[in-house]
Amino acid sequence: NTSVGSNFIQNEINDDLKNGYYPEGVHTRFPPEPNGYLHIGHAKSICLNFGLAKNNGGICNLRFDDTNPVKEDVEYVDSIQEDIKWLGFSWDDRMFFASDYFGKLYDYAVELIKKGLAYVDDLTAEEIRSYRGTLTEPGKESPYRNRSVEENLELFQKMKAGEFGDGEKVLRAKIDMAAPNIVMRDPVIYRIAHVSHHRTGDEWCIYPMYDFAHPLSDAIEEITHSVCTLEFEDHRPFYDWLLDALGFKVGARPRQIEFARLNLTNTVTSKRKLRQLVEEGYVSGWDDPRMPTISGLRRRGYTPNSLRTFCEEIGVAKANSLVDVAMLEHCVRDDLNKNADRIMAVLHPLKVVITNYPEGQKEFMVADNNPNTSAHRYVPFFRELYIEQEDFMEDAPKKFFRLKPEGEVRLKHGYIIKCEEVIKDEAGNVVELHCTYDPESKTGGATANRKVKGTIHWVSAEDAIEAEVRLYDYLIETDENGEVPADFLAAVNKKSLEVVEHALIEPSASFTAVGTHYQFLRTGYFVVDKDTTPEKLVFNRVVGLKDSWAK
Ligand code: ATP
Ligand code: MG
Ligand code: MG
């Protein structure tokens, strides 16, 4: 069991089951609208819905909420399935499309009309808005509100037959224009849109509104608990009104339960805004490794396990809050710390020549892949090496325990070396170091236990492979609270991508598969990017080594 087992939604489910409701068991659904790629907020909803079903021995449907043809596309239908599977969840044969219910939804609308609970309205969208009233003022009834059932049936039929243009008429539920909850002031339930749908083509020119389609899709699928985000709380009375009106009984019909949506510091979690970042070229696509989309996180090197752990750890609450993105990073760091193989990689190379190491000689150092296993590899050692530029300092302060003139340092998995000479170019830049090594200082040697303060990583000049390494920073800059400003485009971090074109990597990583994770010793966690070709390896930095998450 996960922590999903003990949240307020589970408590509600327990109460329902105790009351004898839902004898067939718990049935949830994840209902994405296929109008964009899934993001980290959706991951929370996926883990919650599939998790609740699993913890209660129930089932969870995948339902595409595709009732708004204008913004929807099959590209998204495909990416959403891929992302959910990758996260580790399966819906078996329970994939549905709300558009498959268009016929049934139409019949339900007709039933409402026959009951005198819906009417065709000729007011324009703007008039409807102004008639709706405000929080402090009741709404005004439409002059078309009291059409007869017969007239409504005929007009609705004509709407369906395409006899009216977009916006000329709508179908509204007939509830109460003075209701304190504005959602209950005769909400629109059908509108005319002469637009092709990605599944139903031109079969329909009227489309149901979300508030009408969603509860009924839930009821048609025999969902028991319809979990959604807090902004739908005001819509729950209509959810219940509609099911009441159509004769679905409490205890057998679905009920809506709201939870707080995930908000993350430094992160945009709205498909609309993410689309803007893609379409206006701020990022390379929906799967840009800086994007909080599931495909972006995957490419960045996040693991399914780390995202599921994150969703468990943040829990499920009834009040909105802002989660520190450092916690998300903590989850992937933790996972990769346990599971990623270690290798050595030098991002900004400085050449080192070991002057007393025999020319042409090569030996192989034994290096452990991961402290949690006994697996190891052999790393070639050669007279000419590269170390990290920042691991050498000419005028080093006392506390600098890496390499300095006359100083000693241990090469990880190798020997102790001493810096004898600093070679500079005409401009005075350090271009090469001449060092000597202590031949007895490697593991098993006579001076192996000699204490030197620093240990640095390195690669053999002859064997290292070149790679491009992409270093990322937050896409959105924020104040110290981490909240994304309303004008988020103005807060896009122009330095969120730094490309290191000629990093040098230990040869054990050649021919590695796209998606393979490594810890580059002392540098961070990295993953092989899909831009890798047989000629060139490309790595993304997932996260650095240092954890800034404090519980
Ligand atoms: P967006 O505002 O990004 O378009 P949405 O809610 O319109 O999000 P849907 O495709 O309708 O996107 O979402 C599918 C499900 O995921 C819904 O049940 C929704 O409540 C949930 N969801 C979306 N965003 C979040 C979030 N940030 N945190 C938790 N759940 C979310
Ligand atoms: Mg939605
Ligand atoms: Mg949306």
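Scope of this entry: the structure provided in the associated data block. Residue indices follow the written sequence of each chain, beginning from 1 at its first position. Chains and ligands are labelled by the order in which they are written, letters from A for the one and numbers from 1 for the other. The model is predicted, so local features are restricted to residues of pLDDT at least 70 and side-chain atom pairs to those at 80 or more, both for listing and for counting; the totals for chains, interfaces and linings are taken over all residues. Calculated side-chain values reflect all of the structure's heavy atoms, with hydrogen atoms and water omitted.

Here we take up the overall build of the chain. Counting from the N terminus, the helices are the DSSP runs of H or I reaching at least four residues and the strands are the DSSP runs of E reaching at least two. Each helix and strand counted, the chain has twelve helices and 27 strands in total. Only the C-alpha atoms count toward the radius of gyration. The rule for a globule is 2.2 Å times the residue count to the power 0.38. Here the C-alpha atoms of the chain give a radius of gyration of 31 Å, more than 25% beyond the 24 Å that 2.2 N^0.38 yields for 551 residues. Oriented by its inertia axes, the alpha-carbon framework of the chain measures out at about 100 × 55 × 45 Å. In the chain, of all internal contacts separated by at least 6 residues, the share reaching a separation of at least 24 is 71%. Summing over all exposed atoms, the chain offers an accessible surface of approximately 25000 Å²; the carbon and sulfur share of this is 48%. The contact definition used throughout considers only heavy atoms, calling two residues in contact when any of these lie within 4.5 Å. Computed by Shrake-Rupley with a 1.4 Å probe, the accessible areas treat only the displayed protein chains as cover when residues are assessed.

Attention now moves to the sheet that holds strand E2 (residues 59-64). A pair of strands is labelled paired if DSSP reports no fewer than 2 bridges between them. Here three strands make up an open sheet; going across it, the order is E1-E2-E3 and the pairing parallel. Both edges of this open sheet fall to strand E1 (27-30) and strand E3 (95-97), since each of them pairs with a single strand only. Between one strand and the next, the sheet's axes are offset by a mean angle of 35°, whatever the strand orientation. Where E1 and E2 come together, four bridges link them in parallel fashion. The residue bridging Phe30 from the neighbouring strand is Leu62, located in E2. Across the sheet, helix H2 (residues 40-55) lies against E1 and E2, angled at about 160° from E1, the strand it touches most. Orientation is described by axes fitted as lines to C-alpha atoms, over the contacting stretch for helices, and by angles from 0 to 180 degrees between their N-to-C directions.

Helices that pack against each other are described as a pair by the angle of their axes relative to one another and the distance between those axes. Where helix H4 (residues 102-114) meets helix H7 (residues 210-220), the closest approach of the two axes is 11 Å, and the angle between their N-to-C directions is 110°. Taken together, the axis directions place H4 and H7 in an arrangement best described as roughly perpendicular. For the crossing formed where H4 meets H7, the hand is right-handed. Every residue of H7 that contacts H4 at Lys104, Leu105, Tyr108, Ala109 and Leu112 is listed here: Phe212, Ala213, Leu216 and Ile220. Each residue gets one label: Ala, Val, Leu, Ile, Met, Phe, Trp, Tyr, Cys and Pro are nonpolar, Asp, Glu, Lys and Arg are charged, and the others, such as Gly, are polar. Looking at the contact of H4 with H7 residue by residue, the classes come out as eight nonpolar, no polar and one charged. Orientation categories follow fixed angle ranges, with anything under 35 degrees roughly parallel, anything over 145 roughly antiparallel, 65 to 115 roughly perpendicular, and all other angles oblique. Each helix crossing is assigned a hand: it is left-handed if the near helix lies turned anticlockwise from the far helix by less than a right angle, otherwise right-handed if that turn is clockwise.

What follows is about the layout of surface pockets. A 1.4 Å probe that fits into a set of points on a 1 Å grid over the protein atoms alone but cannot get out defines a cavity; an open set with protein on both sides within 12 Å along at least five of seven lines defines a pocket, and lining residues are those with an atom within 4 Å of a point. Grid points are joined across faces, edges and corners, and a volume is the space filled by probe spheres set on the points. In this structure, the largest pocket occupies an estimated 950 Å³ of space. Taken together, 32 residues line the largest pocket, and the ones lying closest to its centre are Glu33, Tyr210, Glu231, Phe232 and Lys271. Looking at which domains feed residues into the lining of the largest pocket, each of domain 1 (3-259) and domain 2 (271-341 + 467-543) gives three or more. Start and end positions for the domains come from either an automated domain assignment or a database one.

On to the site of ligand 1, then. Only a single heavy atom is needed: when it lies within 4 Å of a molecule or strand, its residue is near that molecule or strand. Around ligand 1 sit 14 residues in total, of which Glu33, His39, Thr229, Leu262 and Lys271 are the nearest. In this structure, an oxygen atom belonging to ligand 1 sits 2.8 Å away from a side-chain N or O atom of Thr229. For this analysis, a polar contact is any N or O atom pair within 3.5 Å, provided that within protein one partner can donate a hydrogen and the other can accept it, and provided that sequence-adjacent residues contribute only side-chain to side-chain pairs. Residue Lys271 places a side-chain N or O atom 2.6 Å away from an oxygen atom belonging to ligand 1. In the complex, 87% of the free accessible area of ligand 1, which totals 590 Å², lies under the protein chains. Put simply, ligand 1 lies in the largest pocket. Take the shell around ligand 1: its biggest share by element is three residues, from H2. In this scheme, a molecule is assigned to a cavity or pocket if more than half of its atoms are within 2 Å of the grid points.

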